[in-house]
Amino acid sequence: MKFLVTLEDYTINKEFKVARILKKLFKSSKIDVEVNVDYEKPIRRLILSSEGDIDKILNVLRLMPEVSRIIPIFFEQLPYDLNLVKLKSLEAISYLKNRYGSGTFKVEVKKLSDEFKVSSLGICRDVGSYVKENLGLNVDVKNPDFILYIQFGRSGVLIGATLNRFYRKLRRTIPLNFFSDFIIIFENPKTTYEIMDMLRLCASLNVELRIVGGRRDKIERALENVGGVARGVKLKLFSNIDEALEDVYPIGFSFSGVFNECDLISIIKGNLGVKFGFLIGNEYEGLSIEARHKVKYLIRLGPPSTFSMRSSTAAAYILGLIAGLLMKS
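Here's what I pulled together on the structure shown here. (Residues numbered from 1 in each chain as written. Predicted model: local features only at pLDDT ≥ 70, side-chain atom pairs only at ≥ 80, totals over all residues. Heavy atoms only, no water.)

### Examining helix H3 (residues 82–100)
Its 19 residues give H3 an end-to-end C-alpha distance of 27 Å, which sits within 8% of 27 Å, the value for a rise of 1.5 Å per residue. Taken together, the buried positions of H3 are Leu82, Val85, Lys86, Lys88, Ser89, Leu90, Ala92, Ile93, Ser94 and Leu96. Close packing links the buried residues of H3 with strand E4 (67–78), helix H4 (120–135), strand E6 (146–153) and strand E7 (156–163). The opening residue of H3 is Asp81, an N-cap whose side-chain oxygen sits 2.9 Å from the backbone nitrogen of Asn83. At the C-terminal side of H3, Gly101 shows a positive phi close to 95°. (Helix = DSSP H or I, 4+ residues; strand = E, 2+ residues; numbered from the N terminus. Expected span 1.5 Å × (residues − 1). Buried < 20%, exposed > 50% of the residue type's maximum accessible area, 1.4 Å probe, protein only. Contact = heavy atoms within 4.5 Å. Polar contact = N/O pair within 3.5 Å; in protein donor to acceptor, adjacent residues only side chain to side chain.)

If you want it as structure tokens, here you go:
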């Protein structure tokens, strides 16, 4: 049987290296597999051929961090005939149903060639309806049991089918709203770079960022420089500290603070469900005197070294402590 294997983005121009690693991995698992770059589309795609056990091959592939999607190929180089595509798609899904039992399914279409003029959406609709009518399976576009993959390429139509758990890499993550009760309040940032770093951090962790003061032109430049990341930032701008602190339990962070991380954890434990505002100053002056007198506690981070943290580093450290605390709760 053949398998179409798509790779992660970072493997671009490294497909042959990944192929060599895969060959060694299969050899060590005592499975005879031929691994080649996909001739239809060589970028981030491999084609595997083997007469070995399908489930064993799938399990070995899932051990590879470079592997993104895995699609066992049932038919390839078929003519551009929608009726034939529907018939062969039914055969592929029937095989999965007979082997693994009934379940939901989804049709995914990829067009590497424009020779077949029917739209991808139209193909999904027609093939999906045909499979549903003949096998009694329901469509689930979000979390199906089976994936039916149809590819239109230069050499014809390829049809693959697989279990969702093999097709997609299951990535364990914390919930998107994990830090919804915690807000970073960045006071008087001085440089575009420190604003950029904080924007990236808050965007990646889906944390609300409030900037108090700071030059608007530098904030705008930072937003422009981080590009698409900026669209994912929950950003609010304030001209004074009182407005930024109006709806939060304020905790400040300073090199001169008398409390430490243990105190911070105790404070958070005792106030779960409260919205916290973490005040962090710029990398040159730290928090203003006014801000220091408006917080409930002033926390010092790290061991007694002579170096203070960068603003974004301090924010990342704080959120890391909180993540550890919440995941134990």
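### With respect to the layout of surface pockets
Put simply, the largest pocket is a space of about 400 Å³. Around the largest pocket sit 24 residues that line it, and Phe253, Ser254, Phe255, Ser308 and Met309 are the ones nearest its centre. Across the lining of the largest pocket, the residue classes break down as eleven nonpolar, eight polar and five charged. The volume enclosed by the second largest pocket comes to roughly 240 Å³. In this structure, the second largest pocket is lined by 13 residues; those nearest its centre are Thr6, Arg44, Arg45, Arg69 and Lys110. Listing elements by their share of the lining of the second largest pocket, those giving two or more residues are E4 and strand E5 (105–111). Residues that form the lining of the second largest pocket fall into these classes: five nonpolar, two polar and six charged. (1 Å grid on protein atoms, 1.4 Å probe; cavity = no way out; pocket = protein on both sides within 12 Å on 5 of 7 lines; lining within 4 Å. Points joined across faces, edges and corners; volume = space filled by probe spheres on them. Nonpolar A, V, L, I, M, F, W, Y, C, P; charged D, E, K, R; others polar.)

### A few points about the sheet that holds strand E8 (residues 182–187)
Read across the sheet, six strands follow the order E10-E9-E8-E12-E11-E13 without closing on themselves; strand pairing throughout is parallel. Pairing within the sheet leaves two strands with one partner each, and these edge strands are strand E10 (234–238) and strand E13 (297–299). Strand after strand, the sheet turns through a mean of 25° between neighbouring axes, direction not considered. Pairing analysis gives five bridges linking strand E9 (residues 208–212) to E10, with the strands arranged parallel. The residue bridging Leu209 from the neighbouring strand is Leu235, located in E10. Packed on one face of the sheet, helix H6 (residues 192–205) meets E8, E9 and E10 and runs near 175° to E8. (Pairing = 2+ DSSP bridges. Axes fitted to C-alpha atoms, helices over the stretch in contact; angles between N-to-C directions.)

### Observations concerning the pattern of salt bridges
The final tally for this structure, using the stated rule, is 19 salt bridges. Among the salt bridges present, the one from Lys2 reaches Glu76, with a minimum N-O distance of 3.0 Å. Highlighted residues: Lys2 in strand E1 (residues 2–7) and Glu76 in strand E4, separated in sequence by 74 residues. Given the relative accessible area of 29%, Glu76 is considered partly exposed. For Asp247, the salt bridge identified is with Arg210, shortest N-O distance 2.9 Å. Highlighted residues: Asp247 in the loop between helix H8 (241–244) and strand E11 (249–253) and Arg210 in strand E9, separated in sequence by 37 residues. By relative accessible area, Arg210 is classed as buried at 2%. Several salt bridges converge on common partners, so that one network encompasses Arg69, Lys106, Glu108 and Arg168. (Salt bridge = Lys/Arg side-chain N within 4 Å of Asp/Glu carboxyl O.)

### A short note on the packing of aromatic side chains
If you walk through the whole model with that rule in mind, you get nine aromatic pairs. On the numbers, 5.4 Å between centres and 65° between planes, the contact of Phe74 with Tyr95 is edge-to-face. Here the residue Phe74 occupies a position in strand E4, and Tyr95 occupies one in helix H3, the gap between them amounting to 21 residues. Relative accessible area serves as the criterion here: at 22%, Phe74 is assigned to the partly exposed category. In this structure Tyr95 comes out as partly exposed when scored by relative accessible area, which is 32%. Centre to centre, the rings of Tyr249 and Phe276 are 5.4 Å apart; their planes meet at 70°, and the pair counts as edge-to-face. Of the two residues, Tyr249 is situated in strand E11 and Phe276 in strand E12 (residues 276–280); the sequence distance between them amounts to 27 residues. Each member of the pair, Tyr249 together with Phe276, is buried. Grouped by ring-pair contacts, the aromatic residues Phe182, Tyr249, Phe253, Phe276 and Phe278 constitute a single cluster. Here the basic side chain of Lys296 rests over the ring of Tyr249, its NZ or CZ set 5.9 Å away from the ring centre. One cation-aromatic arrangement involves Arg300 over Phe255; the distance from NZ or CZ to the ring centre is 4.3 Å. (Phe/Tyr/Trp six-rings, centres within 6.5 Å; stacked < 30°, edge-to-face > 60°. Lys NZ or Arg CZ within 6 Å of the ring centre and 35° of its normal.)

Don't take any of this as a statement about function, it's just geometry.
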